[in-house]
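Listed here are the chains, written in short residue letters.
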Amino acid sequence: MKIALLGYGKMGKMIEQTAISRNHEIIAKIDNEFTAGDIKNADVAIDFSIPSAAFNNITTCFKNGIPVISGTTGWLDKYDEAIACCKKNNGAFIYASNFSLGVNIFFQLNAYLAQMMSGLKEYQIGMEEIHHTQKLDAPSGTAITLAEGIIKNTSKTGWKLDHAGEHEIPIVAKRIENVPGTHSIRYSSKVDDIEITHTAHNREGFALGAVIAAEWIIGKTGIFDMKDVLNLR
Ligand SMILES: NC(=O)c1ccc[n+]([C@@H]2O[C@H](COP(=O)([O-])OP(=O)(O)OC[C@H]3O[C@@H](n4cnc5c(N)ncnc54)[C@H](O)[C@@H]3O)[C@@H](O)[C@H]2O)c1
Ligand SMILES: O=C(O)C1=N[C@H](C(=O)O)CCC1
């Protein structure tokens, strides 16, 4: 598989290593603006760039017939527009706030726990995410996906950083040097707490999931997610 890397920072470099170890070829390492000519020979593009560049990167690929795996977070105000562009161009797309296989299992666990806790008014919910200090967005994309999983399964109607209203999920975002990504959801009552945590030890899991998604999407048309890739439905 010939891969164009859109974003050659911490994740782009990790994905390069993983892709080469799985016998793929990196045909473009893009770390700034690019033209269609730079990526024309790619079978797939993997975008781990920055929030302000993601939409343009992704839609340029659709317009040039290249399937996209998108891991960049913090750009989802334009997600619907990107989907419309993908459909118009008969393209193929997977966005995941977190490509790690463990986190995708954790998403399922979170939804199941929320369903069980939904009737128990004694428990107050809270979420915490911890990432490295270079992270541009807060809360993390993963925390937003986790909050959406809770909203779908409880009477909570939204989320807010720090001071949430009664019907919202409070998210605390901490930035600590060199932390790859830790997410916890806690249900606290007067008598006990229930807490689930996913801790990434490094970035290898994110990269492996993104390369597996890229292998999976080749030859397909449509909009998919990691549940499709990992057969979690
Ligand atoms: N979905 C996941 O599993 C997952 C995992 C880790 C990180 N992320 C997200 O991926 C993104 C990148 O993370 P990172 O840690 O590699 O960040 P990073 O800052 O190390 O790398 C981003 C790179 O994008 C480059 N860039 C800037 N403008 C660009 C453009 N127009 N086109 C292409 N590249 C451009 C920057 O020069 C930089 O090298 C972030 O949004 C982060 O939240 C997602
Ligand atoms: O390092 C980052 O930045 C990460 N971003 C994703 C998010 O926002 O959830 C995934 C975890 C690492």
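Residues numbered from 1 in each chain as written. Chains lettered and ligands numbered in written order. Predicted model: local features only at pLDDT ≥ 70, side-chain atom pairs only at ≥ 80, totals over all residues. Heavy atoms only, no water.

The chain appears in an unreviewed UniProt entry as 4-hydroxy-tetrahydrodipicolinate reductase from Sinomicrobium oceani. Its UniProt record, at the heading Function (unreviewed entry), says of the chain: "Catalyzes the conversion of 4-hydroxy-tetrahydrodipicolinate (HTPA) to tetrahydrodipicolinate." As its UniProt record puts it under Pathway (unreviewed entry), the chain is described as follows: "Amino-acid biosynthesis; L-lysine biosynthesis via DAP pathway; (S)-tetrahydrodipicolinate from L-aspartate: step 4/4." (UniProt positions renumbered as here; feature names shortened; annotations may be inferred.)

Caption draft 1: Quick look at the nonpolar core. Among the nonpolar cores identified, the biggest contains 27 residues, and Ile15, Ile46, Ile69, Ile94 and Phe99 are the most heavily contacted of them. When contributions to this core are tallied by element, the ones reaching two or more residues are β1 (2–6), α1 (10–21), β3 (44–47), β5 (92–95), α7 (204–217) and α8 (226–229). Beyond its immediate sequence surroundings of up to four residues, Phe99 is in contact with Phe48, Ile69, Ser70, Gly71, Ile94, Asn104, Gly205, Phe206, Gly209, Ala210, Ala213 and Met226. (Core = buried A, V, L, I, M, F, W, Y, C linked by side-chain atoms within 4.5 Å. Buried < 20%, exposed > 50% of the residue type's maximum accessible area, 1.4 Å probe, protein only. Helix = DSSP H or I, 4+ residues; strand = E, 2+ residues; numbered from the N terminus. Contact = heavy atoms within 4.5 Å.)

Caption draft 2: Up close: the site of ligand 1. Looking at ligand 1, there are 23 residues lining it, with Lys10, Met11, Asp31, Thr73 and Phe99 nearest. Contact with the protein chains covers 82% of the free accessible surface of ligand 1, which is 860 Å². Mapped by element, the contributors of at least two residues to the shell around ligand 1 are α1 and α3 (51–63). Of the residues belonging to the shell around ligand 1, the class tally is 9 nonpolar, 10 polar and 4 charged. (Near = heavy atom within 4 Å. Areas by Shrake-Rupley, 256 points an atom, 1.4 Å probe, with all protein chains shown as cover. Nonpolar A, V, L, I, M, F, W, Y, C, P; charged D, E, K, R; others polar.)

Caption draft 3: Main features of the packing of helix α5 (residues 101–117) against helix α6 (residues 141–153). Contact pair α5 / α6: the axes reach a minimum separation of 8 Å and the direction vectors enclose 30 degrees. Considering the angle they form, α5 stands roughly parallel to α6. Seen from above, α5 lies across α6 with right-handed handedness. In this structure, α5 contributes Val103, Phe106, Phe107, Asn110, Ala111, Ala114 and Gln115 to the contact, and α6 contributes Thr142, Thr145, Leu146, Gly149, Ile150 and Asn153. Here the residues of the contact of α5 with α6 sort into 7 nonpolar, 6 polar and no charged. (Axes fitted to C-alpha atoms, helices over the stretch in contact; angles between N-to-C directions. Parallel < 35°, antiparallel > 145°, perpendicular 65-115°, else oblique. Left-handed = near helix turned anticlockwise from the far one by under 90°.)

Caption draft 4: Local environment of the domain arrangement of the chain. Domain assignment breaks the chain into domain 1 (2–95 + 204–230) and domain 2 (101–200). Spacing between the C-alpha centres of domain 1 and domain 2 amounts to 27 Å. Facing the 10 residues of domain 1 at the interface are 11 residues of domain 2. Between domain 1 and domain 2, the buried area comes to about 830 Å², and carbon and sulfur atoms account for 70% of it. Contact with domain 2 buries area across many residues of domain 1, yet Lys10, Thr73 and Phe206 alone supply 41% of it, more than any other trio. Along the contact surface separating domain 1 from domain 2 lie 2 residue pairs in polar contact (both at pLDDT 80 or more). Secondary structure elements with two or more residues in the side of domain 1 that touches domain 2: α7 and α8. Looking at the side of domain 1 that touches domain 2 residue by residue, the class counts come to 5 nonpolar, 3 polar and 2 charged. (Domains from an automatic or database assignment. Buried area = accessible area lost by both parts, 1.4 Å probe. Polar contact = N/O pair within 3.5 Å; in protein donor to acceptor, adjacent residues only side chain to side chain.)

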